[in-house]
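Here are the chains, one letter per residue:
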Amino acid sequence: MDALGLDIRNGDNHVMISSNAQSFHYLGDADFDRTAISGLTDIPDYYLAGYADPLSGRHVHVYTITIPNGSDPLVFIQPGNENSYGILRKYALQGLPEGPNTVWAIDIIQRGLTSVRPKRVLCFYQLKGITTPKEDYGMVTKIVDGSIAFDASRNPLAIRDAKLVRPPAIPCDGGLPTSERGWAFRDKKLDHDFRCDTTENAYPLVALDSNDVAFTAPALAQAVYSRRKYGYKKSCGTYSCQEHWSTAHWWCMYQSTYRITGTSSTLTLKAGWAPYDAGYHYWEKYESGGIGGGGGGGYTVGEQPYADKTINLYPSNTAMIIDAGAYLA
Amino acid sequence: MSTHGVQLRNEAGEVFFDTNFTTWNFLDYRVVGADESVSWEIPGAALMDEVMIQRSFLDVPLGDQESYVCKVGWVDTTFTASNGKVPTAVFVLGR
């Protein structure tokens, strides 16, 4: 650590600006490109009259931004509403990540039956290789290689709040789904709620105008959970018996998402989930009964991607909060 | 609210940085590759009473796959990241 340079601290002795740290600065708002995926309002491939299979719905909105100098973008979502969003991933769409003039794509997942894009998607970047201040007034600090760490005229990132956040471990509003035997053969009646509208953890935030709040919160946690009903029967003919087995299997995969609720004095970040993929798997088999008995056989439908679990939940991830009103597009 | 400290304003004259409000400082940014174990120094962490980490997916293919991100730990100014199966962007904050 340098024995010279600039440190500015606030009344709580927290370091606010340091010539040892290279800050991010506001580059601009990302451009909306398209909504790549929409739907998932019910479980695909499943229908049984009288047995609803609703899901919470999700949409993936794709945005792009050009970074001139090889920095990676730091992305903030300003919802402007109470919908739940998460930054699914960022990737170099055109050019190399190390630049120059790399076009980055940002996929944002939104929970909901209706597609509603966030009000703004703000992008920040580091001033790698930039050694000249933007203006000839204001405050600038530099790191030892001469590149700018903080430039007041380039709208440096000011983080108003940061919280360790995580959604509940089990995403389903119906709780942890189970698997058990003892059901009737060919029982395909769905009896679990796979929606995730109300399964959230709440985190109070500092007071800000709720319309101006923006957060960066990666959709890092993933979860897959399933409900299985194993059915059985034994039927006998004149001379022999047949055993029959069935498995009805519903599954849903989720990604973590976040939303802002409340007014200025009651501002809250809620960490929850959005469905990402889902399916229905049915399997049955019955043995041949020989003379006078029926024939054997079986069939399957669908496939779960991987075993039930929640990953990337621990340790908690950090959500950062800014006042988007300070960064003019 | 303090009558001393630093305030910075944007072109519209609006205060965007105020030592009365801004709480967290950016310390470091690093990309940890898939299946990579790394250790690095952040000297500025020595100035901080608290440190926070944010991880995010970087260039991860979408789909039904188990995308394990790396875990990040630290002691004093030495940070380590490991056990990730996908590229992870790591942000380090302090105050």
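Criteria and thresholds
Residues numbered from 1 in each chain as written. Chains lettered and ligands numbered in written order. Predicted model: local features only at pLDDT ≥ 70, side-chain atom pairs only at ≥ 80, totals over all residues. Heavy atoms only, no water. Helix = DSSP H or I, 4+ residues; strand = E, 2+ residues; numbered from the N terminus. Buried < 20%, exposed > 50% of the residue type's maximum accessible area, 1.4 Å probe, protein only. Contact = heavy atoms within 4.5 Å. Areas by Shrake-Rupley, 256 points an atom, 1.4 Å probe, with all protein chains shown as cover. Buried area = accessible area lost by both parts, 1.4 Å probe. Salt bridge = Lys/Arg side-chain N within 4 Å of Asp/Glu carboxyl O. Polar contact = N/O pair within 3.5 Å; in protein donor to acceptor, adjacent residues only side chain to side chain. Nonpolar A, V, L, I, M, F, W, Y, C, P; charged D, E, K, R; others polar. Pairing = 2+ DSSP bridges. Axes fitted to C-alpha atoms, helices over the stretch in contact; angles between N-to-C directions. Disulfide = S-S within 2.5 Å. Phe/Tyr/Trp six-rings, centres within 6.5 Å; stacked < 30°, edge-to-face > 60°. Lys NZ or Arg CZ within 6 Å of the ring centre and 35° of its normal. Core = buried A, V, L, I, M, F, W, Y, C linked by side-chain atoms within 4.5 Å.

Enquirer: What should I look at first to understand the overall build of chain B in this one?
Expert: In terms of helices and strands, chain B carries zero helices and eight strands. Tracing chain B from N to C terminus, the helices and strands come up as β-β-β-β-β-β-β-β. Every one of the 95 residues in chain B was classed for burial, and the buried ones make up 52%. Of the contacts formed within chain B by residues at least 6 apart in sequence, a portion of 63% connects residues at least 24 apart. Accessible area for chain B stands at about 4400 Å²; split by element, carbon and sulfur atoms hold 46% of it.

Enquirer: Please clarify how the interface of chain B and chain A should be interpreted in this entry.
Expert: Where the parts come together, the accessible area they lose is often given as the size of the interface. Across the boundary between the two partners, chain B contributes 45 residues, which contact 65 residues of chain A. For the pair chain B and chain A, the summed buried surface comes to about 4900 Å²; carbon and sulfur atoms form 60% of the total. There are zero salt bridges connecting chain B and chain A. On inspection of chain B and its partner chain A, the count reaches nine residue pairs in polar contact (both at pLDDT 80 or more). Going through the elements one at a time, strand S2 (15-18), strand S3 (25-32), strand S5 (51-57) and strand S8 (88-94) of chain B are the ones with two or more residues in the side of chain B that touches chain A. Counting residues per element, the side of chain B that touches chain A draws most heavily on S5 of chain B, which supplies six residues. Among the residues making up the side of chain B that touches chain A, the classes are represented as 26 nonpolar, ten polar and nine charged.

Enquirer: What is the right way to read the pattern of salt bridges from this model?
Expert: Residues and elements named next belong to chain A. Tallied over the entire structure, the rule returns 18 salt bridges over all chains. Arg34 serves as the salt-bridge partner of Asp33, at 2.7 Å between the closest nitrogen and oxygen. Salt bridges sharing partners connect three or more residues here, namely Glu82, Arg111, Asp197, Glu200 and Arg259.

Enquirer: Honestly, the sheet that holds S5 of chain B in this entry has me stumped. Any pointers?
Expert: Sheets are built from strands paired through backbone hydrogen bonds, the pairs being either parallel or antiparallel. Residue and element names in this part refer to chain B. Strand order across the open sheet formed by three strands is S3-S8-S5, with antiparallel pairing between neighbours. Strands with a single pairing partner mark the edges of an open sheet, and in this sheet they are S3 and S5. Across the sheet, the mean angle from the axis of one strand to that of its neighbour is 20°, orientation sign disregarded. Of the pairings in the sheet, the one linking S5 to S8 comprises seven bridges and is antiparallel in character. Bridge pairing in S8 places Val51 opposite Gly94.

Enquirer: What should I look at first to understand the state of the cysteines in this one?
Expert: Here a disulfide denotes a covalent bond joining the sulfur atom of one cysteine to the sulfur atom of another. Residue and element names in this part refer to chain A. On inspection of all chains with the given rule, the structure shows one disulfide over all chains. In this structure Cys196 is not part of a disulfide, and its nearest cysteine sulfur, from Cys252, lies 6.8 Å away. Judged by its relative accessible area of 0%, Cys196 is buried.

Enquirer: What exactly am I supposed to notice about the packing of aromatic side chains here?
Expert: One pair of aromatic rings is described through two measures. These are the centre distance and the angle between the planes. Applying the stated criterion across every chain, the model contains 15 aromatic pairs over all chains. Centroid distance Trp250 of chain A to Tyr280 of chain A: 5.7 Å. Interplanar angle 35°. Geometry classified as tilted. Of the two residues, Trp250 of chain A sits in strand S17 (residues 241-261) while Tyr280 of chain A sits in strand S18 (residues 268-286), which places them 30 residues apart along the sequence. Plain terms: the ring middles of Trp74 of chain B and Phe79 of chain B are 5.7 Å apart, the flat faces sit at 20° to each other, and that makes the pair stacked. Overall, the relative accessible area of 37% leaves Trp74 of chain B in the partly exposed class. On the basis of relative accessible area, Phe79 of chain B is assigned to the buried category, the value being 0%. The structure contains a cluster of three or more aromatic residues connected by ring pairs, namely Tyr26, Phe76, Phe124 and Tyr327 of chain A. When the ring centre of Tyr91 of chain A is taken as origin, the NZ or CZ atom of Arg89 of chain A, which lies over that ring, is 4.0 Å away. Above the ring of Phe32 of chain A, the side-chain terminus of Arg117 of chain A is found at 3.7 Å from the ring centroid.

Enquirer: Quick question: what am I supposed to make of the nonpolar core here?
Expert: Residue and element names in this part refer to chain A. Grouped together as the largest cluster of nonpolar side chains are 60 residues, with contacts concentrated most on Phe76, Ile106, Phe124 and Phe215. It is strand S9 (residues 120-126) that provides the largest number of residues to this core, a total of five residues. Residues in contact with Ile106, not counting those within four places in the same chain, are Ala30, His61, Val62, Tyr63, Ile65, Val75, Ile87, Arg89, Lys90 and Cys123. In this structure, Ile43, Tyr225, Trp250 and Tyr254 belong to the second largest nonpolar core, which totals 20 residues.

Enquirer: Whenever I open this one, the pairing of strand S7 (residues 78-82) of chain B confuses me. Can you help?
Expert: For a regular strand, side-chain orientation follows a simple rule: the groups alternate between the two sheet faces. Residues and elements named next belong to chain B. Judged by which residues are buried, S7 turns out to be one-sided: Phe79 and Ala81 face inward and are buried, whereas Thr78, Thr80 and Ser82, on the alternate face, are not. One ladder, built from four bridges, connects strand S4 (residues 38-41) with S7; its direction is antiparallel. When the sheet's bridge partners are listed, Glu41 is paired in S7 with Thr78. Linkage of strand S6 (residues 71-75) to S7, two consecutive antiparallel strands, is achieved through a turn of two residues, within which Asp76 is found at a positive phi near 55°.

Enquirer: Sorry, what's going on with the side chain of Thr102 of chain A here?
Expert: Residues and elements named next belong to chain A. You can see Thr102 is positioned in strand S8 (residues 102-111). At a separation of 3.4 Å, a polar atom in the side chain of Thr102 contacts the main-chain amide nitrogen of Gly99. Every residue in contact with Thr102, bar those within four places of it in the chain, is listed here: Ile65, Thr66, Ile67, Ala92, Gln94, Gly95, Leu96 and Pro97.

Enquirer: Honestly, the sheet that holds S6 of chain B in this entry has me stumped. Any pointers?
Expert: All names here are of chain B. Taken together, the three strands give an open sheet; going across it, the order is S4-S7-S6, and neighbouring strands pair in antiparallel fashion. On the outer flanks of this sheet lie S4 and S6, each paired with one strand and no other. Neighbour-to-neighbour, the strand axes of the sheet open up by a mean angle of 20°, direction not taken into account. Across five bridges, S6 lies against S7 in antiparallel orientation. Across the sheet, Gly73 pairs through a bridge with Thr80, a residue of S7.

The analysis is restricted to geometry; functional conclusions fall outside its scope.
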